[in-house]
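Each chain is listed here by its residues.
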Number of protein chains: 2
Amino acid sequence: MGLRDLALVEPWYFPHADATARASGAEDILASAQVVDNLDDAIADCVYVAGASARARSIDWPMMEPRECAVKLLEESRAGKVAVLFGPEKSGLKNEHLDRCNTLLTIPTDPGFSSLNLAMAVQIMTYELRVTAGTMPTPVTEAKVPLASAAELEHFYEHLETVLSASGFLDPDNPRHLMRRLRRLFARAEPDKNEINILRGILTSLDPARGHRD
Amino acid sequence: MGLRDLALVEPWYFPHADATARASGAEDILASAQVVDNLDDAIADCVYVAGASARARSIDWPMMEPRECAVKLLEESRAGKVAVLFGPEKSGLKNEHLDRCNTLLTIPTDPGFSSLNLAMAVQIMTYELRVTAGTMPTPVTEAKVPLASAAELEHFYEHLETVLSASGFLDPDNPRHLMRRLRRLFARAEPDKNEINILRGILTSLDPARGHRD
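Here the residue numbers are simple positions, counted from 1 along each chain's written sequence. Each chain is given a letter, starting from A, and each ligand a number, starting from 1, according to the order in which they appear as written. pLDDT decides what is reported in this predicted model: residues at 70 or higher carry local features, side-chain atom pairs at 80 or more are listed and counted, and totals for whole chains, interfaces and linings draw on all residues regardless.

Notes on the overall build of chain A
Counting from the N terminus, the helices are the DSSP runs of H or I reaching at least four residues and the strands are the DSSP runs of E reaching at least two. The number of helices and strands found in chain A is nine helices and six strands. On C-alpha atoms alone, chain A measures out to a radius of gyration of 19 Å, which is about the 17 Å that the 2.2 N^0.38 rule sets for 214 residues. If one aligns the C-alpha atoms of chain A with their principal axes, the spans along those axes are about 60 × 45 × 35 Å. Counting all 214 residues of chain A, 25% fall into the buried class. The long-range fraction of contacts in chain A, counting pairs at least 24 apart against all pairs at least 6 apart in sequence, stands at 81%. Radius of gyration means the value over C-alpha atoms here, while the globule rule gives 2.2 Å times the residue count to the 0.38 power. Here the C-beta atoms are placed from the backbone, and a residue counts as buried if at least 20 other C-beta atoms lie within 10 Å of its own, exposed if 12 or fewer do, and partly exposed otherwise. Two residues form a contact once the distance between their C-beta atoms, set from the backbone, is within 7 Å.

Structural data, given as structure tokens:
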């Protein structure tokens, strides 16, 4: 479908003869895949990430179908790199992975068969990206501040969690639920680099342990 | 994707344990598949047939991409059954099969990789049908004459070929090229049952061998 930039997070085997055989002429894409130990490394330089998920989630994650998601990804790609994240065949993405996403991507299926296999999900989404890319209007160039990258957001969330723990606002035994809601909030806002710097500055200024922290 | 009506034309093996295993919960659809010896039996009651083809063809077949094709199929499905026809994994559909189609269906791909495998092609087209079905406006009911079925069209083409051969208009050593062009013409017109009856009546009336044929 014309996409070339593949990252593999903790693959069981790489390279693998089966994968090479199935590449069917796209061996170069497989051979040049970025292989990383954790998801954050794969998406560090991305400004927008969509995570494929068949399951309905308990929390109010934004949810898009492929066509809407393709438009959003292509719009965001004007500001920087974007990614579509797919989970392992059997288990799909975990919540800790979806926490890194700006939106969930859900492919509509027959209600009796809610989960597509991995290859099919990738095929549909890459198809939508190809078709949508061919129909998107040329953007009006704007002198905009670049969006914060995933790595910058992660640093911000770490900073936020540290400060909220220090303040006693976060339950140190179970910080996750609240952090997840805060992630959703900021992910929807899509902060740019300047805004993240401002937020980091605010956190530093409000940190109860200020002056006591290394 | 919610489609249930599967026909298999001359399958190498049926049933087959691999196919059953891969059905992943859709064993009932596979088990109730219609298995036939030739394509005409599979599409006999269809009023519109789209044939998937990766190759550009020498003759001017109408060609649609999946989204446009899904709209067309759903519109035509108000008049009767419709079908999407996929060829064997290795060889694809032959021209004699595409002759039975109202349109070719071509899935856009990277120019370097023009042929998807069968499962991927089926996945994309069934996905488009599902998504498009969810967005089509409710039709205004019209009291229309039903379209001619594929079987009725085949009888017409046989009749036409017989009459044109008798007239000397068709080269009996190579009737195919002209018949193909005529098929394209009539397929674009999408004749209804009344119109096919009229055409058949015209052929009978013009048959040089009239009165001499059994």
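Things to note about the pairing of strand 3 (residues 46-52) of chain B
When a strand is regular, its side chains alternate between the sheet's two faces. All names here are of chain B. Burial analysis of strand 3 places seven of its seven residues in the buried class, which makes it a mostly covered element. Two strands are counted as paired when DSSP detects at least two bridges linking them. Bridge count between strand 3 and strand 5 (residues 81-85): five bridges; the pairing is parallel. Looking at the pairing, valine 49 lines up with alanine 83 of strand 5. Across three bridges, strand 3 lies against strand 6 (residues 103-105) in parallel orientation. In the strand pairing of strand 6, alanine 52 is matched with leucine 105.

A few points about the interface of chain A and chain B
Between chain A and chain B, the residue contacts involve 15 residues of the former and 15 residues of the latter. The leading source of residues in the side of chain A that touches chain B is helix 6 (residues 118-135) of chain A, at six residues. Charged residues are taken to be Asp, Glu, Lys and Arg, nonpolar residues to be Ala, Val, Leu, Ile, Met, Phe, Trp, Tyr, Cys and Pro, and polar residues to be all remaining types, Gly included. Residue composition of the side of chain A that touches chain B, by class: eight nonpolar, four polar and three charged.

A look at the domain arrangement of chain A
Residue and element names in this part refer to chain A. Where a domain begins and ends is set by an automatic assignment or by a domain database. Entries for chain A in the domain assignment read domain 1 (7-135) and domain 2 (150-206). Distance from the C-alpha centre of domain 1 to the C-alpha centre of domain 2: 25 Å. The interface is formed by twelve residues belonging to domain 1 together with ten residues belonging to domain 2. Secondary structure elements with two or more residues in the side of domain 1 that touches domain 2: helix 3 (39-43) and strand 3 (46-52).

Some thoughts on the nonpolar core
A:Val49, A:Val84, A:Leu85, B:Val49, B:Val84 and B:Leu85 are the most contacted members of the largest nonpolar core, which has 74 residues in total. Those residues in contact with A:Val84, other than ones at most four positions away along the chain, are A:Ala50, A:Ala52, A:Leu73, A:Leu105 and A:Met125. The term nonpolar core refers to a set of buried Ala, Val, Leu, Ile, Met, Phe, Trp, Tyr and Cys residues connected through C-beta atoms within 7 Å.

Concerning unusual backbone geometry
With an omega of -5°, the peptide bond running from A:Phe14 to A:Pro15 counts as cis. Tracing the backbone through its elements, the reader meets A:Pro15 in the loop between strand 1 (7-9) and helix 1 (17-22). The backbone of A:Ser24 shows a phi angle near 45°, a positive value even though the residue is not glycine. In this structure, A:Ser24 sits in the loop between helix 1 and helix 2 (27-31). We note that B:Glu10 has phi near 50°; this positive angle belongs to a residue other than glycine.

A closer look at the sheet that holds strand 6 (residues 103-105) of chain A
Residue and element names in this part refer to chain A. Read from one edge to the other, the open sheet built from four strands follows the order 4-6-3-5, with strand pairing classed as parallel. Strands with a single pairing partner mark the edges of an open sheet, and in this sheet they are strand 4 (63-64) and strand 5 (81-85). The pairing of strand 4 with strand 6 spans two bridges and is classified as parallel. The partner of methionine 64 across the bridge, within strand 6, is leucine 105.

A look at the sheet that holds strand 3 of chain B
Residues and elements named next belong to chain B. Ordered in space as 4-6-3-5, the four strands form an open sheet in which the pairing is parallel. Both edges of this open sheet fall to strand 4 (63-64) and strand 5, since each of them pairs with a single strand only. All axes here are fitted lines through C-alpha atoms, helices being fitted over the stretch that makes contact, and every angle between N-to-C directions spans 0 to 180 degrees. On the sheet, helix 4 (residues 66-76) packs against strand 3, strand 4, strand 5 and strand 6 and is oriented at approximately 165° with respect to strand 3.

Details of the confidence of the model for chain A
The pLDDT value tells you how sure the predictor is about a given residue, anywhere from 0 up to 100. The pLDDT averaged across chain A works out to 87; a share of 93% of its residues lies at or above 70. Predicted complex metrics record ipTM = 0.70 and pTM = 0.75.

Quick word on the relation of the copies chain A and chain B
Superposing chain A onto chain B takes a rotation of 180° combined with a translation of 0.0 Å along the rotation axis, leaving an RMSD of 0.0 Å. The transformation relating the two chain copies, once decomposed into turn and shift, fits a two-fold axis. Considering only C-alpha atoms, the residue of chain A closest to the rotation axis is A:Ile124, which sits at 3.0 Å. Comparing contact sets, 100% of the residues at the interface of chain A also lie at the interface in chain B, consistent with an isologous, same-surface contact. When the copies are superposed, the least-squares fit takes in the C-alpha atoms of residues with a pLDDT of at least 70 in both.

Some thoughts on helix 7 (residues 150-167) of chain B
Between its terminal C-alpha atoms helix 7 of chain B stretches 25 Å, which fits the 26 Å expected from 18 residues at 1.5 Å a residue. Those residues of helix 7 of chain B that are buried lie in contact with helix 3 (39-43), strand 3 and helix 9 (193-206) of chain B. Helix span, as expected, comes to 1.5 Å for every residue beyond the first.

What to know about the environment of B:Thr20
Residue and element names in this part refer to chain B. Looking at the element boundaries, threonine 20 is found in helix 1 (residues 17-22). Exposure remark for threonine 20: the 13 C-beta atoms within 10 Å place this residue in the partly exposed category. Considering only alpha carbons, one finds threonine 20 and aspartate 110, 90 residues apart in sequence, at a separation of 32 Å. If we skip the residues at most four places from it in the chain, threonine 20 touches Pro15, Glu27 and Leu30.

Regarding the packing of helix 6 of chain A against helix 6 (residues 118-133) of chain B
Relative orientation of the contacting elements helix 6 of chain A and helix 6 of chain B amounts to 60°, with a least axis distance of 10 Å. Viewed along their axes, helix 6 of chain A and helix 6 of chain B adopt a mutual orientation that is oblique. When the axes of helix 6 of chain A and helix 6 of chain B are compared, the crossing they make is right-handed. Together, A:Met120, A:Gln123, A:Ile124 and A:Tyr127 of helix 6 of chain A and B:Met120, B:Gln123, B:Ile124 and B:Tyr127 of helix 6 of chain B make up the contact between the two elements. Tallied by class, residues from the contact of helix 6 of chain A with helix 6 of chain B come to six nonpolar, two polar and no charged. In these notes the angle categories are as follows: under 35 degrees is roughly parallel, over 145 is roughly antiparallel, 65 to 115 is roughly perpendicular, and the rest is oblique. Should the near helix be turned anticlockwise from the far one by less than a right angle, the crossing is termed left-handed; should it be turned clockwise, right-handed.

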